[in-house]
Amino acid sequence: MNTTKYIFVTGGVSSSLGKGIIAASLAKLLQARGFTVTIQKLDPYINVDPGTLNPYEHGECYVTDDGAETDLDLGHYERFLNHPTSQANNVTTGRIYQSVIEKERRGEFLGKTVQVIPHITNEIKERIQHLGQDGRYDIVITEIGGTVGDIESLPYIEAVRQLKWELGRHNSLFIHLTLIPYLAAAGELKTKPTQHSVKTLMESGIQADVLVCRTEHELSDDLRTKLALFCNVEKEAVIQSIDAKTIYDVPNLMLDEGLDKIALKKLRLESSQEPNLTQWNEFLCRHKNLKGGVTIGLIGKYIELQDSYKSILESFIHAGAANEVSVEVVSIHSEHLTPENVADEVGALDGLLVAPGFGERGIEGKIAAVQYARTHDIPFLGICLGMQMAVIEYARNVVGLKGANSTEMDAKTPYPVIDLMEAQKSITDKGGTMRLGSWACKIVPDSIVGSIYQSEEIQERHRHRYEFNDDYRTQIEDAGMRVTGVNPQTGLVEIVEVPEHPWFVGVQYHPEYKSTVANPHPLFVGFVAKAYALSKNKK
Ligand code: GLN
């Protein structure tokens, strides 16, 4: 018998309350008690996946080992749980409809009229239960995107309402995350919006079992009593989620509030041990007792929205804690960088990271930043487009190939040192067609990456269409740039280094997707360590 328990997390009153962090924190506590847990995100938008979305829409597109382009919340799940997610962990309305329509075209509905209920809701239920299917997980936490009351999320709410009865008593739990606003003029926390959103949920047939209340101020005992009374929950199921200094504090805050205990109680799950958070708390301890500091420039074109580079920013937090060094990330808009102002903009920084990206906008600024880092011995990490810019900069300024470029930016460049991958040439659809997910990379042992990874072959995640053009490899290597990592099957260049520079590494893959609290990414750890070591010499 499958005994997987299901927890559903909904949100009310406002978006951006941090459902993903609450789901990840609860999962962390349950995992720390010895349960196997995974988290799934249901997104109500009609895009099949977020791969085609501009980062300004929903922030970074996160990529899993199996090559799924997913919501950035999956990054939080992996960073907290240190356990890989997959395509099954992120489902959108577009994907649901796509598969129902494909089934309809194959005639699988045997002449029936295809409707939201039951066909769409059945597909949603299948996707939720798919994760619990083979008993891999004791608990599946499903986060429903959007806010209760949105037209778009109705089929999801209906699907989980049905599922509750199908799963049977004590096998599912509803957590509703809500906002308790503080009215400064009245000096009061207000419960009315929460009452209304709980009521909206009830109109869809769902009674919240647990309320997690986002608040800027402590909830008083009276207020908890009132919320319990008006919202039909036990008082111990009113959980305060007060603003935290860092998202990594949230598991401990939820532990203090007893969120894991109430969840286990309602799911009738026994747990003899308290959560073992030793490793987590060691990380927090290092993170909060930093002994030095570095300032790293993040050169990108989506810097107005911090979420666009979420995984990179989190990787720096992990790497900072590993080195016991605070990492201040200064975001610099690549469109505003020129060869004339670059010294003023980046000259004082301890390290430079040139970010991933697409399209022509801002690339000359990125190239100017690479050149400055290379010629001034500033530790440099180029990720994906950042690595490609490093190759272009080297080709133009060291090899002497004037006008060298990527054919993504200039189809007519005389020196296409970065070019469309052969396998991409016949592709016309934009969705899910890049070189995605985990691929092997063979490393040259006597190199920066060789000493960092301490392994001859690594697996890293990718998301790109263009690559280092092999036709120029000999010329570029003869001029000094070293290729220190290649894909063992295809020979595709994955890593470049500049040997006469103290720390200059460009990688075609995205190390930031694999950095977690338990396993900070070695490349970020090494980058921060070098930036710190050299910054001390400067002082
Ligand atoms: N635009 C580049 C490519 O498609 C880089 C992609 C990226 O930075 N993720 O190859």
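Scroll up to find the structure this text is about.
Ordered in space as E13-E12-E14-E15-E23-E22-E21-E18-E19, the 9 strands form an open sheet in which the pairing is mixed. A single partner strand is all that each edge strand has here, and the edge strands are strand E13 (325–333) and strand E19 (457–464). Pairwise comparison of adjacent strand axes, ignoring direction, gives a mean angle of 25° for this sheet. Two elements, strand E18 (residues 435–443) and strand E21 (residues 482–486), share 2 bridges in a ladder whose sense is antiparallel. When the bridges of E21 are listed, Ile-443 appears paired with Gly-485. Along the sheet, helix H15 (residues 385–399) makes contact with strand E14 (351–354), strand E15 (380–383), E19, strand E22 (493–497) and strand E23 (504–507), crossing E15 at roughly 115°.

On to the site of the ligand. For the ligand, the full set of nearby residues is Pro-356, Gly-357, Phe-358, Cys-384, Leu-385, Gln-388, Glu-408, Arg-463, His-464, Arg-465, Tyr-466 and His-510. Between Glu-408 and the ligand, the recorded distance is 2.7 Å, taken from a side-chain N or O atom to a nitrogen atom. At 3.0 Å, a backbone N or O of Arg-465 approaches an oxygen atom of the ligand. If the ligand stood free it would expose 290 Å²; the protein chains cover 99% of that surface.

Before going further, it helps to examine the nonpolar core. The tendency in soluble globular proteins is for nonpolar side chains to be buried side by side. The biggest cluster of nonpolar side chains holds 83 residues, and the ones touching the most others in it are Ile-7, Leu-30, Ile-141, Ile-175, Val-210, Leu-227 and Leu-259. Not counting the four nearest positions on each side in its chain, Leu-30 is found in contact with Ile-7, Phe-35, Val-37, Ile-139, Ile-141, Asp-260 and Leu-264.

For helix H1 (residues 19–32), spanning 14 residues, the distance from its first C-alpha to its last is 20 Å, which sits close to the expected 20 Å at 1.5 Å a residue. Within H1, 13 of the 14 residues are buried, leaving the element largely enclosed by the surrounding structure. Positive backbone phi, at 105°, marks Gly-34, one or two positions downstream of H1.

Looking now at a nonpolar patch on the surface. A contiguous nonpolar patch, built from Tyr-97, Ile-101, Val-116 and Ile-117 and spanning about 330 Å² of accessible area, is present on the exposed surface. Listing elements by their share of the nonpolar patch, those giving two or more residues are helix H4 (93–105) and helix H5 (116–130). The residue Val-116 is located in helix H5 in this model.

What counts and how
- Residues numbered from 1 in each chain as written.
- Predicted model: local features only at pLDDT ≥ 70, side-chain atom pairs only at ≥ 80, totals over all residues.
- Heavy atoms only, no water.
- Pairing = 2+ DSSP bridges.
- Helix = DSSP H or I, 4+ residues; strand = E, 2+ residues; numbered from the N terminus.
- Axes fitted to C-alpha atoms, helices over the stretch in contact; angles between N-to-C directions.
- Contact = heavy atoms within 4.5 Å.
- Near = heavy atom within 4 Å.
- Polar contact = N/O pair within 3.5 Å; in protein donor to acceptor, adjacent residues only side chain to side chain.
- Areas by Shrake-Rupley, 256 points an atom, 1.4 Å probe, with all protein chains shown as cover.
- Core = buried A, V, L, I, M, F, W, Y, C linked by side-chain atoms within 4.5 Å.
- Buried < 20%, exposed > 50% of the residue type's maximum accessible area, 1.4 Å probe, protein only.
- Expected span 1.5 Å × (residues − 1).
- Patch = residues over 30% accessible without salt bridge, like charges linked within 9 Å, V, L, I, M, F, W, Y side chains within 5 Å.
- Salt bridge = Lys/Arg side-chain N within 4 Å of Asp/Glu carboxyl O.

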